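Chain and residue survey
If you want the building blocks of each chain, they are given just below.
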Amino acid sequence: DAGVTQSPTHLIKTRGQQVTLRCSPKSGHDTVSWYQQALGQGPQFIFQYYEEEERQRGNFPDRFSGHQFPNYSSELNVNALLLGDSALYLCASSLAARDYEQYFGPGTRLTVT
Amino acid sequence: ILNVEQSPQSLHVQEGDSTNFTCSFPSSNFYALHWYRWETAKSPEALFVMTLNGDEKKKGRISATLNTKEGYSYLYIKGSQPEDSATYLCAHSTLGRLYFGRGTQLTVWP
């Protein structure tokens, strides 16, 4: 049973560019949450997707957007990248009925230069 | 914002030592308290989810307690081993989102 997978592992982008990160949830899970972990900080909630819609959102600007596909996989898009967007981006999956029990992927390390 | 505080920030112990970490969280609107173990370059691994005041959970040499009235949880590792070296994250959950602390980085020297 595959756990949560994320791609790519690492990514380097330039300020102003756009980036797309991908996440495949654990088998059987229907809900995907995204978190950002900046250096020295704990992971911070970006948003959560269920039934292909954004269910709730944290305190992140509109430059951060997402999508969930019918197979429950998800993408995180960040536009107009800033240096401060450099971070580890974690994806977590869960069942909607138990959305507090979240299983995490290994993350995507984004570096913005 | 539901602030979760963890202490200490880092800890270095010798193999065989027992150790404990603290997590404090807002006691109002409590739903669940989570402990994760996170090794470098791997996925955070869920250790415990606790919901009830007085909950105690145990997995091998690792155990955790929960006090929701005063807003704290302790994680204990008995007889630390080098393979216990990792970052231990605490998170408070409500409405399906997790609020994390900064973690305690544990290094166990052989």
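Figured I'd write up the structure that's included with this text. In this text the structure is predicted, and so the values were computed from the model without any measurement.

1. Structural notes on the interface of chain B and chain A
It is common to give the size of an interface as the accessible area that goes away when the parts come together. At the junction of the two partners, chain B supplies 19 residues and chain A supplies 19 residues. Carbon and sulfur atoms supply 57% of the area that chain B and chain A bury against each other, a total of about 1,600 Å² over both sides. Seen at the junction of chain B and chain A, the total is zero salt bridges. At the boundary of chain B and chain A, one finds nine residue pairs in polar contact (both at pLDDT 80 or more). When contributions to the side of chain B that touches chain A are tallied by element, the ones reaching two or more residues are strand 4 (32-38), strand 9 (86-94) and strand 10 (97-100) of chain B.

2. Some points on the environment of Thr51(B)
All names here are of chain B. The residue Thr 51 is located in the loop between strand 5 (45-50) and strand 6 (56-59) in this model. The partly exposed category is assigned to Thr 51, whose relative accessible area is 35%. C-alpha of Thr 51 to C-alpha of Ala 86: the two residues are 35 residues apart in sequence and 24 Å apart in space. The contact partners of Thr 51, leaving out residues within four places of it in the chain, are Phe 30, Tyr 31, Ala 32, Leu 66 and Thr 68.

3. Overview of the sheet that holds strand 3 (residues 19-24) of chain A
Backbone-to-backbone hydrogen bonds pair the strands of a sheet. The strands run either parallel or antiparallel. All names here are of chain A. A sheet is described by the order of its strands in space; here four strands give the open sequence 1-3-8-7, paired in antiparallel fashion. Two strands in the sheet have a free side with no partner beyond their single neighbour: strand 1 (5-7) and strand 7 (64-68). Adjacent strand axes in the sheet meet at a mean angle of 20°, parallel and antiparallel pairs treated alike. In this structure, strand 7 lies alongside strand 8 (residues 74-78), joined through five bridges in antiparallel fashion. Within the sheet, the bridge partner assigned to Phe 64 lies in strand 8 and is Val 78.

4. Looking at the pairing of strand 3 of chain A
Residue and element names in this part refer to chain A. Bridge analysis of strand 1 against strand 3 gives three bridges, and the strand direction is antiparallel. In the sheet register, Ser 7 faces strand 3, and the bridge partner there is Arg 22. As paired strands, strand 3 and strand 8 are joined by five bridges and run antiparallel to one another. Bridging across to strand 8, Thr 20 finds its partner in Asn 77.

5. Examining the packing of aromatic side chains
Both the distance between ring centres and the angle between the ring planes are used here to describe each pair of aromatic rings. Counted under the stated rule, the structure contains twelve aromatic pairs over all chains. Considering the side-chain rings of Tyr100(A) and Tyr31(B), the 5.2 Å spacing of their centres and the 70° angle between planes classify their relative orientation as edge-to-face. On the criterion of chain membership, the pair formed by Tyr100(A) in the loop between strand 9 (87-94) and strand 10 (103-104) and Tyr31(B) in the loop between strand 3 (19-24) and strand 4 is interchain, its members lying in two chains. Judged by its relative accessible area of 45%, Tyr31(B) falls in the partly exposed class. For the pair Phe104(A) and Phe100(B), a centre-to-centre distance of 5.9 Å together with 75° between the ring planes defines the contact as edge-to-face.

What counts, and at which threshold
- Residues numbered from 1 in each chain as written.
- Chains lettered and ligands numbered in written order.
- Predicted model: local features only at pLDDT ≥ 70, side-chain atom pairs only at ≥ 80, totals over all residues.
- Heavy atoms only, no water.
- Contact = heavy atoms within 4.5 Å.
- Buried area = accessible area lost by both parts, 1.4 Å probe.
- Salt bridge = Lys/Arg side-chain N within 4 Å of Asp/Glu carboxyl O.
- Polar contact = N/O pair within 3.5 Å; in protein donor to acceptor, adjacent residues only side chain to side chain.
- Helix = DSSP H or I, 4+ residues; strand = E, 2+ residues; numbered from the N terminus.
- Buried < 20%, exposed > 50% of the residue type's maximum accessible area, 1.4 Å probe, protein only.
- Pairing = 2+ DSSP bridges.
- Axes fitted to C-alpha atoms, helices over the stretch in contact; angles between N-to-C directions.
- Phe/Tyr/Trp six-rings, centres within 6.5 Å; stacked < 30°, edge-to-face > 60°.

Honestly, that's just the spatial picture; any functional story needs more than this.
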